[in-house]
Amino acid sequence: MSTIIEIFKSNKKILVEVALCKLVEGFFILLGAATLVKFISEPSEKFLLATFGFFAGRFFIASRADLFLARLSMNVQTFFRKKIHAQIFESEITSGELLTLIFDTVQALEDFFMKVAPQIFSAIIFLPIFLICAAFTDFLTSLILILTFPIAPLLLWLIGKATAEKSARAWAQLQKLNGDFKELLSAITTLKMFGRVEVGAEKIRAASQKSSAATLDVLKLAFVSSFALELITTLSIALVAVTLGLRLVAGVVEFQAALFLLLLTPEFFLPIRKFGVAFHVMISARDSLERLKKFLIESPPINGSIGKILMPPNIFVDNVSFTYPKKLSPTLRGINLKFQAGKITALIGESGAGKSTLLKLLAGILQPTAGEIFWNDLPTSKLEKNSRLSKISYAPQAPHLFDAPLIKNFTMFDTLNDKYLKKFLAALNLSTLDLNSAQKLSRGQLQRLGLIRALLKDTPIILLDEPTAGLDELTEQKVLALIKEISPRRTIIIATHRLPVIEAADEILKIN
């Protein structure tokens, strides 16, 4: 509930704008129907133009409401994606569940805001206005509307109970399909090597068929619900029309009043009819919201405090072990190390010894399975997450290149400093790059991009994973010279195999 309240509070202005648009649209519908009745009773050019103007205004206002809802949808999706990204490393969620959560689950919310939310707003605002107008025009007709209206929501509630289980099954199958597909892609080289690609493809094909069958079951129920709602609303409109027709013949109701009510009745039931068409979208959105709330509840962010820590700190790795999920043997076992403050430390060891894993533990990307990492005498598990991350720069072996201008890639931490950026680019032979365009980089250029990102963040702790691997000797010397230049008052840890890096370090630590 707190998540929903937070969303409402942050988007209060948009919700008010949508409500106002729907209110104006409702009055335009009433005025359009009234002027049309007037034109039929007393044909006149001014009544025809007024009718056209009111109905044109109605569609214009409806389009404005859709724009506001599109903005609301984008805000809500951004809200949930930020929440997921903030807690992704504290969660034990599988890759298939994560893919489904970030893409399909959040996408279902967009469908809700674009297809269901307009009908909800219309029903909340239009129905009371139209009922009041109907009551003032003819009480019996308003009574028929009141008595027939609850049938549709009751039917939707019954269908919703039947749909819930099938919808959950469809999401589970889609989640499994995402996981299997990711697993196949990650292992495609091995499968091809042993001639097992077709077996993997068959597994994906079977999962896809099960997912399609489960989704089709949901769509069948959605079709039935739409048909049932159309039938009920059509019968309700027919009941009003027949009653008005008989009373009109008997002279109990006036022609203009009867015609106005006949024009108003389809508009009264229109939100319910449209709601039936998008009913399966609402079911998917409801299940998606439950999954998102469950993820956020089960993966609470690690809260803590940060005291006054002398920066840069001495870093102590105290009996740290780490085992990757679903792995039997630990990658690191009982590691004890001390990284001196204000020095460059080369972290060495054989390939597979766990150097990259240790850097991720130091960076806070992974959490130790056992043991603790200290900054001076303060355990990092007790530190507030954002405070900890703000003091660490981490450059992995293969930094990610975003599909954006290079200037955005270099300054992704909002640390644009033209003076230092130009200096670092010149020092690392990257001055010729066009920073205002998106372009591919070689592996060596990508490594240097990661280094510049870390340096521009300007933190007291810098973690570098093989920053000179694959570089020529001259470029490697330039990278090391730049690291040496910025090393005062920083704790720099470099995982490396390279002899020049080891020779340039102040200290050397080895893990087995």
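Residues numbered from 1 in each chain as written. Predicted model: local features only at pLDDT ≥ 70, side-chain atom pairs only at ≥ 80, totals over all residues. Heavy atoms only, no water.

Peer 1: Explain the sheet that holds strand β7 (residues 461–465) residue by residue, including any values.
Peer 2: With respect to topology, five strands assemble into an open sheet ordered β6-β7-β8-β3-β9, the strand pairing being parallel. In this open sheet, the two strands that pair with only one neighbour each are β6 (392–395) and β9 (507–510). Direction aside, neighbouring strands of the sheet carry axes that sit 15 degrees apart on average. Where β6 lies against β7, four bridges are found, and the strand directions are parallel. (Pairing = 2+ DSSP bridges. Helix = DSSP H or I, 4+ residues; strand = E, 2+ residues; numbered from the N terminus. Axes fitted to C-alpha atoms, helices over the stretch in contact; angles between N-to-C directions.)

Peer 1: An account of the sheet that holds strand β5 (residues 378–379) is needed here, citing residue identities and associated values.
Peer 2: Read from one edge of the open sheet, four strands run β2-β1-β4-β5, paired in antiparallel fashion. Here the strands that pair on one side only, and so sit at the sheet edges, are β2 (332–339) and β5. As judged from the five bridges shared by strand β1 (residues 315–322) and strand β4 (residues 370–375), these two strands associate in the antiparallel manner. Paired with Ser-321 across the two strands is Ala-370, which belongs to β4.

Peer 1: Could you give me a rundown of the nonpolar core, with the residues and numbers involved?
Peer 2: Buried together is how nonpolar side chains tend to be arranged in soluble globular proteins. Counting 35 residues, the largest nonpolar core has Phe-410, Ile-452, Leu-464, Ile-483 and Ile-492 as its most contacted members. Listing elements by their share of this core, those giving two or more residues are β3 (344–348), α13 (406–410), α14 (418–427), α15 (443–457), β7, α16 (473–486), β8 (491–495) and α17 (499–504). Once you skip the residues sitting within four places of it in the chain, Ile-492 turns out to touch Lys-343, Ile-344, Thr-345, Ile-462, Leu-464, Ile-483, Ile-486 and Ser-487. Core analysis: the next-biggest nonpolar cluster, separate from the first, contains 27 residues, Leu-332, Ile-335, Ala-353 and Leu-366 among them. (Core = buried A, V, L, I, M, F, W, Y, C linked by side-chain atoms within 4.5 Å. Buried < 20%, exposed > 50% of the residue type's maximum accessible area, 1.4 Å probe, protein only. Contact = heavy atoms within 4.5 Å.)

Peer 1: Summarise the environment of Lys-274; cite the residues concerned and give the values.
Peer 2: Assignment of secondary structure puts Lys-274 in helix α9 (residues 255–277). The class of Lys-274 is partly exposed, set by a relative accessible area of 42%. Between the C-alpha atoms of Lys-274 and Pro-118, which are 156 residues apart in sequence, the distance is 9.4 Å.

Peer 1: Just give me the short version of the side chain of Thr-380, but keep the residues and values in it.
Peer 2: Considering the arrangement of structural elements, one finds Thr-380 in the loop between β5 and α12 (385–389). For Thr-380, a relative accessible area of 4% corresponds to the buried category. In contact with Thr-380, other than residues within four places in its own chain, are Glu-372, Ile-373, Phe-374, Trp-375 and Arg-388.

Peer 1: Residues and numbers for the packing of α14 against α16, please.
Peer 2: Remark: α14 packs on α16, axes separated minimally by 9 Å, with the N-to-C direction vectors making an angle of 145 degrees. Contact residues: Lys-423, Phe-424 and Ala-427 in α14; Lys-478, Leu-482, Glu-485 and Ile-486 in α16. Its residues placed into classes, the contact of α14 with α16 shows four nonpolar, no polar and three charged. (Nonpolar A, V, L, I, M, F, W, Y, C, P; charged D, E, K, R; others polar.)

Peer 1: Provide a residue-level description of the confidence of the model for the chain, including the pertinent values.
Peer 2: Here the chain averages 79 in pLDDT, while 81% of its residues score no lower than 70. Residue range residues 299–307 is modelled with pLDDT below 50. Its contacts to residues more than four positions away, or to other chains, number 17 contacts. (pLDDT = per-residue confidence, 0-100.)

Peer 1: How would you summarise the pattern of salt bridges if you had to cite specific residues and measurements?
Peer 2: Oppositely charged side chains may form a pair once their charged atoms are brought near each other. For the structure on display, the rule yields nine salt bridges. The shortest N-O distance in the salt bridge between Lys-343 and Glu-507 comes to 3.9 Å. Separated by 164 residues along the polypeptide, Lys-343 in the loop between β2 and β3 and Glu-507 in strand β9 bring together distant segments of the chain. What you see here is one network of salt bridges that share partners, running through Lys-22, Glu-25, Arg-58 and Glu-267. (Salt bridge = Lys/Arg side-chain N within 4 Å of Asp/Glu carboxyl O.)

Peer 1: Explain unusual backbone geometry to me, using residue names and the numbers behind them.
Peer 2: Of note, the phi angle at Asn-376 is positive, near 55 degrees, even though the residue is not glycine. Along the polypeptide, Asn-376 turns up in the loop between β4 and β5. For Asn-376, a relative accessible area of 23% translates into the label partly exposed. Despite not being glycine, Glu-466 shows a phi value in the positive range, around 50 degrees. For Glu-466, the position within the fold is in the loop between β7 and α16. Taking relative accessible area as the criterion, Glu-466 reaches 7% and is therefore assigned buried.

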